[in-house]
Amino acid sequence: VQLQASGGGLVQAGGSLRLSCAASGRTFSSYVMGWFRQAPGKEREFVAAIRWSGGITYYADSVKGRFTISRDNVKNTVYLQMNSLKPEDTAVYYCAAKTDFYLYRRGVDDYDYWGQGTQVTVSS
């Protein structure tokens, strides 16, 4: 399984970015895909997840109402649309995949595959 994240950048507070995670190497219909982030000096934290089959989503409270996770079955790509960005959203963002069906298990250790990170910087 290979995950390729992209779409990070520098944006002003209140702005938007869309991250993409292209997945390859397996059939992902039974997977859960997630986004995590890690700010300097902090632990990696859960942001959002989506069950590939059915599209059920789950968000961290800190991003609920501002971020939207979605997937494109044809392109095998998961997206994270980030609106109303805040300086505290600044972090390296990682996409991840896990082979079980448990959407609400959101620990780093619950995920099996990781992409490389993409930097998101929000200026005040």
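See above for the structure.
Keep in mind it's a predicted model, so treat the numbers as computed, not measured.

Cut-offs and rules
- Residues numbered from 1 in each chain as written.
- Predicted model: local features only at pLDDT ≥ 70, side-chain atom pairs only at ≥ 80, totals over all residues.
- Heavy atoms only, no water.
- Helix = DSSP H or I, 4+ residues; strand = E, 2+ residues; numbered from the N terminus.
- Buried < 20%, exposed > 50% of the residue type's maximum accessible area, 1.4 Å probe, protein only.
- Polar contact = N/O pair within 3.5 Å; in protein donor to acceptor, adjacent residues only side chain to side chain.
- Contact = heavy atoms within 4.5 Å.
- Phe/Tyr/Trp six-rings, centres within 6.5 Å; stacked < 30°, edge-to-face > 60°.
- Disulfide = S-S within 2.5 Å.

(A) Inspection of the side chain of T118 at higher detail. By the element assignment, T118 lies in strand β11 (residues 118–123). According to the relative accessible area criterion, T118 is buried, its value standing at 10%. At 3.1 Å, the side chain of T118 and the backbone nitrogen of G8 are in polar contact. When near neighbours in sequence (up to four residues on either side) are disregarded, T118 contacts A5, S6, G7, G8, L19, A91, V92 and Y93.

(B) Fine view of the packing of aromatic side chains. On inspection of all chains with the given rule, the structure shows six aromatic pairs. Consider the rings of F36 and F46, whose centres lie 5.7 Å apart with planes at 80°: the pair is edge-to-face. Of the two residues, F36 sits in strand β4 (residues 32–38) while F46 sits in strand β5 (residues 45–51), which places them 10 residues apart along the sequence. The burial state of F36 is the same as that of F46; both residues are buried. Relative to W114, the ring of Y111 lies with its centre 6.2 Å away and its plane at 55°, an arrangement referred to as tilted. For Y111, a relative accessible area of 5% gives the class buried. Taken together, the ring pairs connect F36, F46, Y58, Y104, Y111 and W114 into an aromatic cluster.

(C) Inspection of the environment of W52 at higher detail. Locating W52 in the fold gives a position in the loop between β5 and β6 (57–59). Judged by its relative accessible area of 5%, W52 is buried. Distance in space between the C-alpha atoms of W52 and F28 is 6.7 Å, their sequence separation being 24 residues. For W52, the contacting residues outside a window of four places in its chain are F28, S29, Y31, M33, R71, D72, N73, N76, T77 and V78.

(D) Looking closely at the state of the cysteines. Scanning the entire structure with this criterion turns up one disulfide. The disulfide bridge from C21 ends at C95, spanning 2.3 Å between sulfur atoms. Because the torsion about its S-S bond is 65°, the bridge between C21 and C95 counts as right-handed. Taken as a pair, C21 in strand β3 (residues 17–24) and C95 in strand β9 (residues 91–98) lie far apart in primary sequence, 74 residues in all. As far as the burial class goes, C21 and C95 line up, both buried.

(E) Local environment of unusual backbone geometry. At N76, a position not held by glycine, the phi torsion is positive, near 50°. Within the fold, N76 resides in the loop between β7 (67–72) and β8 (77–82).

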